[in-house]
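Structural features, examined
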Amino acid sequence: MKVLTTTAFRKVLHALGDNPRVVTPGSAATPCEALHLIDEQLDRWTLFCVNAPVGVPTRAEVTHETIFVGPGQRHAEHVEFLPGRLSNTPDLLRTTRTPDLVVLHTTTPRNGQVSMGIEVQIMPAAVEATRAHGGIVVAVMNPRMPFVAGDGVMSTDEIDYGIEIDAPLLTVDKASLDYASMTIGDTIAARMGEGATIQAGIGAIPDAVLSCLQQPQVDSHPGLLSVTTRRHLGVWTELIGDGVREVDDAGVLDPNRPIVGTFLIGGDELYEWAGRQSRLQLLRCERTNDPGTIARQPAMTSVNTAMQVDLFGQVNASRIGTRIFSGTGGATDFLVGALHSPGGQALVAMRSWHLKAGVSTIVGKLDAPVTSVQPTAVVTEQGVAELFGNSEREQARQLIENAAHPQARPQLRQAAARYGL
């Protein structure tokens, strides 16, 4: 690896040609400072980034390619959404979306190695694809990036150029937990037994689930009432947030099981924890999101949120009407994997009523394209609709009577009758 000044880096960019494809990590690991250096030098270029944050270049001459639209891409002038699951995204980089330049966001070197830090995800595959097609690999070496073990640790010999940029990592505050989210969290936590494995994302409901897992549980048996704390839980997930750090600090996780994910988003405490947590492994997304590997985790419990669920058990987690809002991401990877795990369950968790829009989140039939279908159960603050193993009529009944907001139930009953449910 040759370390460059930013001036020398600009000269490297000039050799890329017209409209090169640049691949970078997304979310909290996006190297925004380096992307603006690129944008200053190139008239036209393409940015491939999963869940790009606010702050990435968005002018008309920058084409955004992604399988998951992030907040920084929702108002960009030119976005090409590529439908697909996160586990398959590395195949895009090897075939139809080959990178010309990969910009990593790494630690400073240690003993000839760097770590990709808080996001691994698609980046190892991006490096391999670039190497196979004669592209360039650049590391943005940031002293604030924590050194995290796993597939993101690589030799500096695998990197063409390094540039040093000292910049704070993007942080996200924990969501405030209201009555609805805590009710949902408590319901889901009660479904998880000793030694189970959890996958949960970020936001009020996943945070509430992880918070409730730290609370004592009451086990009632004939003639016996006991209070215990869930122990020996495992984490096999895509996203690791502050909630995982908190359940680990609370002693809820099995100390002999690794904590596995593919990227982190949270606060400074999370990143500091990640740098000193020897059990934490961030792996490439082909491994974390492989449904077969997920299925081998004991009692895999997948918790994902959604915008809508209809009476046929169809889930919309990615679109507002026909307009893409986010993407499939890894939700379907974990839904399929959890359903095949012995004792596993794939849960869709959401509020029964959309407060801003003033509408039910359980609808008669989806107008938007479907993200996934047939989870184990749908959990709202109203209760649980058990879907797996029930007929379509019983699924619809449970969604209406157990999970839907009371205000929406009369209309949903009418819709069920129209659909023969």
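Calculation rules
- Residues numbered from 1 in each chain as written.
- Predicted model: local features only at pLDDT ≥ 70, side-chain atom pairs only at ≥ 80, totals over all residues.
- Heavy atoms only, no water.
- UniProt positions renumbered as here; feature names shortened; annotations may be inferred.
- Phe/Tyr/Trp six-rings, centres within 6.5 Å; stacked < 30°, edge-to-face > 60°.
- Helix = DSSP H or I, 4+ residues; strand = E, 2+ residues; numbered from the N terminus.
- Lys NZ or Arg CZ within 6 Å of the ring centre and 35° of its normal.
- Domains from an automatic or database assignment.
- Contact = heavy atoms within 4.5 Å.
- Buried area = accessible area lost by both parts, 1.4 Å probe.
- Salt bridge = Lys/Arg side-chain N within 4 Å of Asp/Glu carboxyl O.
- Nonpolar A, V, L, I, M, F, W, Y, C, P; charged D, E, K, R; others polar.
- Disulfide = S-S within 2.5 Å.
- Buried < 20%, exposed > 50% of the residue type's maximum accessible area, 1.4 Å probe, protein only.
- 1 Å grid on protein atoms, 1.4 Å probe; cavity = no way out; pocket = protein on both sides within 12 Å on 5 of 7 lines; lining within 4 Å.
- Points joined across faces, edges and corners; volume = space filled by probe spheres on them.
- Pairing = 2+ DSSP bridges.
- Core = buried A, V, L, I, M, F, W, Y, C linked by side-chain atoms within 4.5 Å.
- Axes fitted to C-alpha atoms, helices over the stretch in contact; angles between N-to-C directions.
- Parallel < 35°, antiparallel > 145°, perpendicular 65-115°, else oblique.

As annotated in an unreviewed UniProt entry, the protein chain carries the name Acetyl-CoA hydrolase and comes from Cutibacterium granulosum DSM 20700. Of the protein chain, the UniProt comment under Sequence similarities (unreviewed entry) reads exactly: "Belongs to the acetyl-CoA hydrolase/transferase family."

**Focus on the packing of aromatic side chains**
Scanning all chains against the criterion turns up 1 aromatic pair. Their ring planes at 45 degrees and their centres at 5.7 Å tell us that Phe-312 and Tyr-419 sit as a pair that is tilted. Here Tyr-419 lies in the segment after helix 13 (409–418) and Phe-312 lies in the loop between strand 20 (308–310) and strand 21 (314–316), a separation of 107 residues in the sequence. Its guanidinium or amino end placed over the ring of Phe-325, Arg-74 lies 3.9 Å from that ring's centre, counting from NZ or CZ. Looking at Arg-418, its charged tip hangs above the ring of Tyr-419, at a distance of 5.7 Å from the centre.

**Things to note about the domain arrangement of the protein chain**
Domain annotation for the protein chain reports domain 1 (2–164) and domain 2 (179–419). Facing 30 residues of domain 1, the contacting portion of domain 2 comprises 29 residues. Summed over both partners, the interface of domain 1 with domain 2 buries about 2,300 Å², with 59% contributed by carbon and sulfur atoms. Our enumeration of links across domain 1 and domain 2 arrives at 4 salt bridges. Those elements giving two or more residues to the side of domain 1 that touches domain 2 turn out to be helix 3 (89–94) and helix 4 (123–132). Broken down by element, the side of domain 1 that touches domain 2 gets its largest block of residues, 3 residues, from helix 4. Per-class residue counts for the side of domain 1 that touches domain 2 are 16 nonpolar, 8 polar and 6 charged.

**Considerations on the state of the cysteines**
Working definition of a disulfide: a covalent bond connecting the sulfur atoms of two cysteines. This structure, assessed with the given rule, holds 0 disulfides. Free cysteine: Cys-32, not disulfide-bonded; nearest cysteine sulfur from Cys-49 at 8.1 Å. A relative accessible area of 0% places Cys-49 in the buried class.

**Some remarks on the layout of surface pockets**
Counted as a void, the second largest pocket has a volume near 170 Å³. Lining the second largest pocket we find 13 residues, and of these Asp-173, Lys-174, Ala-175, Ile-202 and Gly-203 sit closest to its centre. Along the lines of polarity and charge, the residues of the lining of the second largest pocket split into 5 nonpolar, 4 polar and 4 charged.

**Quick notes on the pairing of strand 30 (residues 383–386)**
Taken residue by residue, a regular strand's side chains alternate between the two faces of the sheet. Note that strand 29 (residues 377–380) and strand 30 share 4 bridges and pair antiparallel. Looking at strand 30, one finds that Thr-380 is bridged to Gly-383. If you look at the hairpin formed by strand 29 and strand 30, you'll find 2 residues sitting between the two strands.

**Observations regarding helix 7 (residues 242–249)**
In terms of burial, helix 7 is largely enclosed, as 6 of its 8 residues are buried. In this structure, the buried residues of helix 7 make contact with helix 6 (204–212), strand 14 (234–236), strand 15 (239–240), strand 16 (259–261) and helix 8 (268–276).

**Some remarks on the nonpolar core**
If you look at the biggest cluster of nonpolar residues, it comprises 62 residues, and the most contacted ones within it are Leu-104, Ile-122, Ile-240, Leu-264 and Leu-280. Of the residues that make up this core, three or more belong to each of domain 1 (2–164) and domain 2 (179–419). What Ile-240 contacts, discounting residues up to four positions off in sequence, is Ile-259, Val-260, Gly-261, Phe-263, Leu-264, Ile-265, Leu-270, Trp-273, Leu-280 and Leu-282. Counting residues in hydrophobic clusters, the runner-up holds 26 residues, among them Leu-16, Leu-42, Leu-101 and Ile-136.

**With respect to the packing of helix 12 (residues 392–403) against helix 13**
Running from N to C, helix 12 and helix 13 point in directions that differ by 175 degrees, and their axes come no closer than 10 Å. With respect to helix 13, the axis of helix 12 lies roughly antiparallel. Residues Ile-400, Glu-401 and Asn-402 of helix 12 form the contact with helix 13, whose participating residues are Arg-409, Leu-412, Arg-413 and Ala-416.

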